[in-house]
Amino acid sequence: IEFNGGEYLAIGADDDFWLYINKILAVDLGGLHGVLRDTIYLDSLTAQLGITPGNSYQFDMFYAERQSNNGQLKIGTNATLRDFKKTQFSYQIVK
């Protein structure tokens, strides 16, 4: 993720969702629950995440749906995601 100032990430997820920026937990929506929402503004997390404007940082997301149906995950951002072609998406359905 590129951080130049003014970026945000808005997340809506049911059940487990974790977001790490710069290998540091930025969003924790873990647990069995209905849809929870969180919005983070990177400008307010510079010290916590060890980030400075003008740089790019590792961005990792983890999501697990623990119900048998109707999983919900929504992510919105105004940030630039670099090297998106290297992004790996995987899923596993367990019954």
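For clarity, every value in this text was computed on a predicted model and none was experimentally measured.

Draft legend 1. Looking closely at the side chain of Glu 7. Locating Glu 7 in the fold gives a position in the loop between strand 1 (2-3) and strand 2 (8-13). Engagement of the side chain of Glu 7 in a polar contact is seen with the backbone nitrogen of Asn 4, the distance being 2.9 Å. Aside from chain neighbours lying at most four places away, what touches Glu 7 is Glu 2, Ile 40, Tyr 41, Leu 42, Asn 78 and Ala 79.

Draft legend 2. Region of the structure containing the sheet that holds strand 7 (residues 59-64). With respect to topology, three strands assemble into an open sheet ordered 4-3-7, the strand pairing being antiparallel. Lying at the two open borders of the sheet, with one neighbouring strand each, are strand 4 (24-28) and strand 7. Direction aside, neighbouring strands of the sheet carry axes that sit 20° apart on average. Two elements, strand 3 (residues 16-21) and strand 4, share four bridges in a ladder whose sense is antiparallel. Of the residues in strand 4, the one forming a bridge with Trp 18 is Asp 28.

Draft legend 3. Seen up close, the pairing of strand 3. As paired strands, strand 3 and strand 7 are joined by six bridges and run antiparallel to one another. Across the sheet, the residue bridging to Ile 21 is Phe 59, located in strand 7. Between strand 3 and strand 4, which pair antiparallel and follow one another directly, the connecting turn spans two residues, one of which, Asn 22, has a positive phi of 60°.

Draft legend 4. Expanded view of the packing of aromatic side chains. Across all of its chains, the model carries two aromatic pairs by this definition. When the ring of Tyr 8 is compared with that of Tyr 41, the centres are 6.4 Å apart and the planes differ by 45°; the resulting orientation is tilted. On the criterion of sequence distance, the pair formed by Tyr 8 in strand 2 and Tyr 41 in strand 5 (residues 36-41) is long-range, its members being 33 residues apart. Of the residues examined, Tyr 8 reaches a relative accessible area of 30% and is grouped as partly exposed.

Draft legend 5. Region of interest: the environment of Leu 25. Residue position: Leu 25 is located in strand 4. Residues Leu 25 and Met 61, spaced 36 residues apart in sequence, show a C-alpha to C-alpha distance of 9.8 Å. Beyond its immediate stretch of four places on either side in the chain, Leu 25 contacts Trp 18, Leu 19, Tyr 20, Gln 48 and Leu 49.

Rules of the game
Residues numbered from 1 in each chain as written. Predicted model: local features only at pLDDT ≥ 70, side-chain atom pairs only at ≥ 80, totals over all residues. Heavy atoms only, no water. Helix = DSSP H or I, 4+ residues; strand = E, 2+ residues; numbered from the N terminus. Polar contact = N/O pair within 3.5 Å; in protein donor to acceptor, adjacent residues only side chain to side chain. Contact = heavy atoms within 4.5 Å. Pairing = 2+ DSSP bridges. Axes fitted to C-alpha atoms, helices over the stretch in contact; angles between N-to-C directions. Phe/Tyr/Trp six-rings, centres within 6.5 Å; stacked < 30°, edge-to-face > 60°. Buried < 20%, exposed > 50% of the residue type's maximum accessible area, 1.4 Å probe, protein only.

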